Each structure stands twice: as structure tokens, then as C-alpha cells.
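Listed here are the chains, written in short residue letters.
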Amino acid sequence: MEYRNLGNSGLKVGRLCLGTMTFGWGTPEAESRRLLDKFVDIGGNFIDTADIYADGESESIIGRWMKDRSRDKMVIATKVRFETDDHVNGAGLNRKHILTAVENSLRRLKTDHIDVYQVHCWDDGTPLEETLATLDRLVASGKVRYIGASNFLAWQLQKAVDLSGQLGVEKFICLQAMYNLLDRLLEWELIPVCENEDLGLLCWSPLGGGWLTGKFHRGMSKPPKNSRVNEAEKEGWSESWSNYNTEQTWQVLDTFLEIAREAGRTPSQVAINWLLNQSVVTCPIIGVRTFEQFEDNIKSIEWNLDQDHLDRLSSVSEPQTPRYPYGFIKRFKR
Ligand SMILES: NC(=O)c1ccc[n+]([C@@H]2O[C@H](COP(=O)([O-])OP(=O)(O)OC[C@H]3O[C@@H](n4cnc5c(N)ncnc54)[C@H](OP(=O)(O)O)[C@@H]3O)[C@@H](O)[C@H]2O)c1
């Protein structure tokens, strides 16, 4: 496994982060532990979870697993923001909720510190100063080593970075955002912020929730029954069939599947390898339901797409430039 610094920090993380959103939900504990063991065997050190995954069970599974392992070798990232308690302050990025949530995460993870504590989404209901000051206090107390953001708009991220500088408090070192061959819109705003501010980029849904795994191809009329995408339709999740069943998706998938055949690699390995080749990306966060899927996906670090394949993938998946302001500014860039 190759390691990289996470953003402008000294923290080194493996090029693949293990996502654990399915732990305790689609992936039972025994299978989750097998995944964690194998991940460490291949040199993985970076694990992503959140307090809301399986109502805390994902953190608990990691905590029980970590008890018999060397905690110090691992880089554990978790998140706070969404509702964990059924009262008015049971969610959000206010001081009261963050300070309660961090204690609950530490207890479930059976550890005295979180390596990367991420705010799961922007919170309109709390002054940013309050959130940043609270996170700063957590770093000073030793309960948290580094902080990160997830699901922010670009102006929100830039504002947070600037405000931390003005206040002299801890800065976010990374952004966790959805980025894959079917969703590249963050290249317009968020990626330039990451590049300018030297923030690490952690990509969630590197396989579009399943769309980039080879299960989907032109001519289908509905998703496979046992897939996440099928469930997404019922639950209203973003990777649903109705959100992605568009000509644009099928065009990307036509070329993508052709390239996987030419490269002699599985579609999942191609999709993850394309991300690994984007200079701004620190790591894709691989999320799986089964051990077999994990064994497939980790092979994405064993080889490299050739330049022709990279160019064709980047070209077919490139989002159209919106006329204004992007088209206008692009024209007069120099
Ligand atoms: N910050 C955030 O808001 C946020 C949001 C979402 C996720 N995340 C993080 O990102 C991680 C990954 O996200 P994700 O689960 O959406 O990633 P993803 O890789 O886009 O989708 C994973 C799903 O694709 C299918 N799959 C994966 N590998 C496969 C393979 N080799 N062959 C066939 N099917 C395969 C499985 O679903 P089925 O087999 O069930 O179809 C699996 O659950 C999560 O675990 C979490 O840590 C963060």
C-alpha cells in the first residue's frame, strides 16, 4: 500500500480508505471483521465511519475489533452532525451536540481519541464560529487529532478555512465528498478549493453506489433485485435508478465497460483506479457489502490504467461546462 499525507498535515494514510457504512446493516459483524483483518493485511490503516451508520453499530463493530489490535497503527475517522437523539439538540454542529456525540463515538470505538473528526454536512442552524471553536477545543483536549469537513458547498468550505485562520483555531485538513466517473460536478468549485487550500480529498461512493460495478449496462429496464440501487429506489437515496437512468449515464457506462474489457480488469477496479489517478484525490473510500466485493476492489491498487484509457474515461465522463459563469470565465481565463 502506498501512503500519502492527508492534506496539509503530517498524517499518513493508505491510498485506499475502508468505508464502513454497511457494517452492522448489510454486512454482519463476522464478515465486517474479516474485511477489517484483510484490510490491515494489505497495509490499510485508514477507516471511515460515522456516528449514524447502523445507529452507531458500525462504530461499535470497529471498537470491538480494535480492542485486540494495535490502536496506534490505525487512523480512525468518524463523523458528527446528523440526528442521533430524538430532541431538538440531538443533531447539528452546535457545541452541545458535538460534545455529547464525541463522547458517544469514543465509547463505541473503545478508544480515547479519534484521528480525524469530520463534520458530516454543513449546518445552517449553528454559527460557524461555534462549531470551529468546539472542534478546536476537542483537538486541544487530545480527544481528536485532526478535523475534516464533508458535504459542504465551496463557499462554505472556503469560509470555514478562512475563518479558522482569522480565529487562530484548528483548520479542516480534508474534505469528504462524492466523486466518481458519474458525478464530477465538484470539479467546478470544490476541487479548486481543495487544491488552493491544500486539503485532502476523500471520495465517497467511488462506484456510484453500485452503478460502476458492471451490474449496470444499456438496455436494462430496472436494477438487479439484490443491489443497493434497487433498495435506493424504495428509500429515496441518491443512487436510485430514477436518478441515474439517463442517456448521459449510459454513454459513460458504454465506454467505461469497453475499457474494463480492454484492460482485462473488473469495472470496479477501473472506476477506483481512475480516481487514484486524479492528483487531488488522497483516497477513494471503498464501501462493500461482501468480502468478495472487497477482494475485487482492493485489486485496484495493484496496477495502473494506461494513458489512453485514462484520457478516454476522463473525456466521456467530463461534465458539460455550464454557460455562465463557468463558460464565460473559462473563455477569458488568461
Ligand atoms: N460523507 C458522506 O456523506 C458519505 C456518504 C456515503 C458514503 N460515505 C462513505 O463512503 C463509503 C463508500 O460509499 P459507498 O458505499 O456509497 O461506495 P460505492 O463503492 O460507490 O458503493 C458500494 C456498493 O456498491 C456495491 N459494490 C461494491 N463493490 C462491488 C463489486 N466489486 N461488485 C459488485 N458490487 C459492488 C455494493 O452494493 P450492493 O452489492 O448492495 O449493490 C456496495 O455496498 C461508505 O462506506 C462511507 O464510509 C460517506
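Refer to the structure presented above.
Residues numbered from 1 in each chain as written. Predicted model: local features only at pLDDT ≥ 70, side-chain atom pairs only at ≥ 80, totals over all residues.

Within strand β8 (residues 172-178), 6 of the 7 residues are buried, leaving the element largely enclosed by the surrounding structure. With helix α5 (residues 154-167) bridging strand β7 (residues 144-150) and its parallel neighbour β8, the resulting β-α-β unit is right-handed. The pairing of β8 with strand β9 (residues 200-204) spans 5 bridges and is classified as parallel. Its bridge partner being in β9, Gln176 is matched across the sheet by Leu202. (Buried ≥ 20, exposed ≤ 12 C-beta atoms within 10 Å, placed from the backbone. Helix = DSSP H or I, 4+ residues; strand = E, 2+ residues; numbered from the N terminus. Right-handed = clockwise from strand over helix to strand, strands pointing away. Pairing = 2+ DSSP bridges.)

Where α5 contacts helix α6 (residues 190-197), the axes come no closer than 9 Å and their chain directions differ by 20°. Put simply, α5 runs roughly parallel to α6. The hand of the α5/α6 crossing is right-handed. In contact with Ala154, Leu157, Gln158 and Val161 of α5, α6 contributes Leu190, Val193 and Glu197. (Axes fitted to C-alpha atoms, helices over the stretch in contact; angles between N-to-C directions. Parallel < 35°, antiparallel > 145°, perpendicular 65-115°, else oblique. Left-handed = near helix turned anticlockwise from the far one by under 90°. Contact = placed C-beta atoms within 7 Å.)

Before going further, it helps to spend a moment on the environment of Glu130. Within the secondary structure, Glu130 is located in helix α4 (residues 128-141). Distance in space between the C-alpha atoms of Glu130 and Leu93 is 8.2 Å, their sequence separation being 37 residues.

What surrounds the ligand is a group of 29 residues, the closest being Gly19, Met21, Trp204, Leu207 and Gly287. Contributing elements (two or more residues each) for the shell around the ligand: β10 (281-286) and α11 (291-297). When residues of the shell around the ligand are assigned to their parent elements, the largest contribution, 3 residues, is made by α11. A class-by-class count of the residues in the shell around the ligand yields 7 nonpolar, 18 polar and 4 charged. (Near = placed C-beta within 6 Å. Nonpolar A, V, L, I, M, F, W, Y, C, P; charged D, E, K, R; others polar.)

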